Amino acid sequence: MTIKDSTVVATEQPDVIGVNVAEAPKYYKPRHPYQVLRTLPKDATPAQQDSAIQAAFHPKEIRYSDRPDTLHLPGYGKGKSALEITTLPKYYRESFFANDSLFHPERSGGRFGIAGETVPYTVSGDNAMTILLLIGFISMIVSASKSRGFITKQLKSTFYLPKNYDMTMSETSTELRFQLFMVVLTSLLYAVIFLYYSTRYVSDTYIIDSHYQLTGIFLGMTFAYFILKGLLYSTVNWTFFGLRKNLQWLKTLLFITSSEGVMLFPIVLLLSFFNLNVKSALIYTMIVLILVKSLTFFKSYITFFRGKGNFLQNILYFCALEIVPLTSFWGFVAIMINFLKINF
């Protein structure tokens, strides 16, 4: 058949590509525009292609059904004709998913595919925590190098005490600030250990999205524990003992807490930057805690009960002011972790 653009269209185009047009059956009719365009020369213009398509396909008149729509919601009237668009109810004009983003390509439909597993949080991958630990480590080394004489004297007084030993020990403001800094650093180290414990053994999802806030909560609880324990010691000691022993005990307790932070720092660094097992870190932390509590028990006996020989009273004193606050603190931390985690 010849069209206006002088392009011959073979309406007998075979359905299978590669078959000769002359061999096609006479009753063959193209079913796709692609089959029509295959009959044109390669240099056919867009106008010729459009003419060939119009010659091969003739649109027919659309006739809508005049039968009533019997598919309608229960409780409503008879179905209405699709021609009455302006008077149709809303559930006729748009479906339940009309506003869904998947039906609107112009809208953002989110990510494609299935989301993979999120990368677990690590302190080594957190720049802020890494800088904080490095600053603490450098500050500890510099301060310890400037207070070597004080540290040596404290260690001698801890493990060696003659009968006529003078228990009064003067401290400079720098040494006092160094010990207070170590108490804060010890609280931070415990907070990091609690963070690893909670994310490894309790849950990895919490109502708080930021790990900074979670670490800050642990830091605040640990520092409050040290403050409250110091206040409890001061209240009891001022009731039963004199000023000299009270001051000496507060200095000793401050030095023991600082030493606790020094012993915890290597395990936190190994846990954060060298992928140490959390279980091994917890075992080491328990060993450090036992050593610190044993040293505290020994120093309380030397300071308050040595001359009196009241070993049983020292046990009661130690249990009331060390074991009970420690177990209460651990129970409070467990309750807080259980409150913050997401329970499915």
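See above for the structure.
Since the model is a prediction, treat every value here as computed from it, not as a measurement.

Basis of the calculations
- Within each chain, residues carry numbers counting from 1 in the order of the written sequence.
- At least 70 in pLDDT is required for a residue's local features to be given in this predicted model, at least 80 for side-chain atom pairs to be given and counted, and no such filter applies to totals for whole chains, interfaces and linings, which use all residues.
- To get the side-chain values, all heavy atoms of the structure are used, and hydrogens and water are removed first.
- Going along the chain from the N terminus, every DSSP run of H or I of four or more residues is numbered as a helix, and every run of E of two or more is numbered as a strand.
- Relative accessible area decides the class of each residue, using a 1.4 Å probe on protein chains only: under 20% of the type maximum gives buried, over 50% gives exposed, and in between gives partly exposed.
- When checking whether two residues touch, look at their non-hydrogen atoms; a contact exists if any pair is within 4.5 Å.
- Under the convention used here, a 1.4 Å probe and the Shrake-Rupley method define accessible areas, while residue burial counts only the protein chains that appear.
- Cavities and pockets were defined on a 1 Å grid built from protein atoms only: a cavity is a group of points that admits a 1.4 Å probe but offers it no way out, a pocket is an open group of points flanked by protein on both sides within 12 Å along at least five of seven lines, and a lining residue is one with an atom within 4 Å of any such point.
- Grid points are joined across faces, edges and corners, and a volume is the space filled by probe spheres set on the points.
- By the convention adopted, Pro, Cys, Tyr, Trp, Phe, Met, Ile, Leu, Val and Ala count as nonpolar, Lys, Arg, Asp and Glu as charged, and the other residues, Gly among them, as polar.
- To form a nonpolar core, buried Ala, Val, Leu, Ile, Met, Phe, Trp, Tyr and Cys residues must be joined to one another through side-chain atoms within 4.5 Å.
- Definition of a polar contact: a pair of N or O atoms within 3.5 Å, with one able to donate and the other able to accept a hydrogen when the atoms are protein atoms, and with sequence-neighbouring residues admitted only if both atoms are side-chain atoms.
- Axes, fitted as lines to C-alpha atoms, cover a helix only where it is in contact. Angles between the N-to-C directions of the axes lie from 0 to 180 degrees.
- In this scheme, roughly parallel covers angles under 35 degrees and roughly antiparallel covers those over 145, while 65 to 115 is roughly perpendicular and the rest are oblique.
- Crossings are classed by handedness, with left-handed meaning an anticlockwise turn of the near helix from the far one by less than a right angle and right-handed meaning a clockwise turn.
- Counting rule for charge: Lys and Arg are taken as positive, Asp and Glu as negative, and neither His nor the chain ends is counted.
- One side-chain nitrogen of Lys or Arg within 4 Å of one carboxyl oxygen of Asp or Glu is enough to make a salt bridge.
- Working rule for helices: expected span equals 1.5 Å times residues minus one.

A.B. asks: I would appreciate a short explanation of the overall build of the protein in the present structure.
C.D. replies: Counting its regular elements, the protein contains 10 helices and 0 strands. The secondary structure elements of the protein, listed N-terminal to C-terminal, are α-α-α-α-α-α-α-α-α-α. Taking all 344 residues of the protein together, 32% fall into the buried category. Counted over contacts in the protein with a minimum sequence separation of 6, partners at least 24 positions apart contribute 66%. Counting only carbon and sulfur atoms, one obtains 64% of the accessible surface of the protein, whose full area is about 22900 Å².

A.B. asks: Please clarify how the layout of surface pockets should be interpreted in this entry.
C.D. replies: Where empty space is left in the structure can be found by rolling a water-sized probe over the atoms. When its volume is computed, the largest pocket comes out at roughly 580 Å³. Mapped by element, the contributors of at least two residues to the lining of the largest pocket are helix H6 (173–202), helix H7 (211–240) and helix H8 (243–273). It is H6 that provides the largest number of residues to the lining of the largest pocket, a total of 4 residues. The residue makeup of the lining of the largest pocket, split by class, is 12 nonpolar, 9 polar and 3 charged. Of the volumes computed, that of the second largest pocket is approximately 390 Å³. Taken together, 18 residues form the lining of the second largest pocket, with Tyr-190, Phe-194, Met-286, Leu-289 and Trp-330 sitting closest to its centre. Mapped by element, the contributors of at least two residues to the lining of the second largest pocket are H6, H7, helix H9 (278–305) and helix H10 (311–340).

A.B. asks: Would you mind showing me how to read the nonpolar core here?
C.D. replies: One broad rule of soluble globular proteins: the nonpolar side chains tend to lie buried together. Counting residues in hydrophobic clusters, the biggest one holds 41 residues, and the most contacted among them are Leu-185, Leu-189, Phe-218, Leu-264 and Val-268. Contributions of two or more residues to this core are made by helix H4 (127–146), H6, H7, H8, H9 and H10. Top element by residues in this core is H6. It accounts for 13 residues. Ignoring any residue separated from it by four or fewer positions in sequence, one finds Val-268 in contact with Leu-133, Leu-189, Val-192 and Ile-193. Counting residues in hydrophobic clusters, the runner-up holds 8 residues, among them Tyr-233, Phe-304, Phe-305 and Leu-321.

A.B. asks: What is the right way to read the environment of Ile-53 from this model?
C.D. replies: Along the chain, the position of Ile-53 falls in helix H2 (residues 46–56). With 20 residues separating them in the primary sequence, Ile-53 and Pro-33 have C-alpha atoms 6.4 Å apart. Among residues more than four places away in sequence, those in contact with Ile-53 are Pro-33, Val-36 and Leu-37.

A.B. asks: Help me understand the environment of Tyr-190, please; the structure alone is not making it clear to me.
C.D. replies: Mapped onto the fold, Tyr-190 is located in helix H6. A relative accessible area of 9% places Tyr-190 in the buried class. For Tyr-190, the residues in contact, after removing those within four places along its chain, are Thr-222, Phe-226, Glu-260, Leu-264, Thr-285 and Leu-289. A polar contact is formed between the side chain of Tyr-190 and the side chain of Glu-260, at a distance of 2.2 Å.

A.B. asks: Can you walk me through the side chain of Ser-203 in this structure?
C.D. replies: Mapped onto the fold, Ser-203 is located in the loop between H6 and H7. Setting aside its immediate chain neighbours within four residues, Ser-203 contacts Ser-198 and Lys-341.

A.B. asks: Is there a simple way to explain the packing of H7 against H10 in this structure?
C.D. replies: Helix-helix packing: each pair is described by the crossing angle between the helix axes and the interaxial distance. Two numbers describe how H7 lies on H10: the axes approach to 11 Å, and their chain directions differ by 160°. Our classification of the angle between H7 and H10 gives roughly antiparallel. In this structure, H7 meets H10 at a crossing whose hand is right-handed. Here H7 contributes Leu-214, Ile-217, Phe-218, Met-221, Thr-222, Tyr-225, Lys-229, Leu-232, Tyr-233, Val-236 and Asn-237 to the contact with H10, which in turn contributes Tyr-317, Ala-320, Leu-321, Glu-322, Pro-325, Leu-326, Phe-329, Phe-332, Val-333, Met-336, Ile-337 and Leu-340.

A.B. asks: Just checking my understanding: could you explain the side chain of Asp-126 for this structure?
C.D. replies: Position of Asp-126 relative to the elements: it lies in the loop between helix H3 (90–93) and H4. Despite its burial, Asp-126 pairs with no opposite charge; the closest candidate is Arg-200, at 19 Å N-O. For Asp-126, the side chain forms a polar contact with the side chain of Tyr-212, separated by 2.5 Å.

A.B. asks: What is the right way to look at H4 in this model?
C.D. replies: Count 3.6 residues to each turn of an α-helix, and residues three or four apart come out pointing the same way. Along its 20 residues, H4 runs 29 Å from first to last C-alpha, staying within 8% of the 28 Å computed at 1.5 Å per residue. Residues of H4 that are buried make contact with H6, H7 and H8. With a side-chain oxygen positioned 3.1 Å from the backbone nitrogen of Ala-128, the residue opening H4 is Asp-126.

A.B. asks: Looking at this structure, I do not really get the pattern of salt bridges. What am I missing?
C.D. replies: Pairs may arise between side chains of opposite charge once their charged atoms sit close together. Summed over all chains, the structure comprises 2 salt bridges. Glu-322 is paired through a salt bridge with Lys-229; the nearest N and O atoms lie 3.6 Å apart. Pair noted here: Glu-322 is in helix H10 and Lys-229 is in helix H7, with a separation of 93 residues, a long-range link. Taking the relative accessible area as the measure of exposure, Lys-229 reaches 7% and is therefore buried. The salt bridge partner of Lys-293 is Glu-322, with a shortest N-O separation of 2.5 Å.

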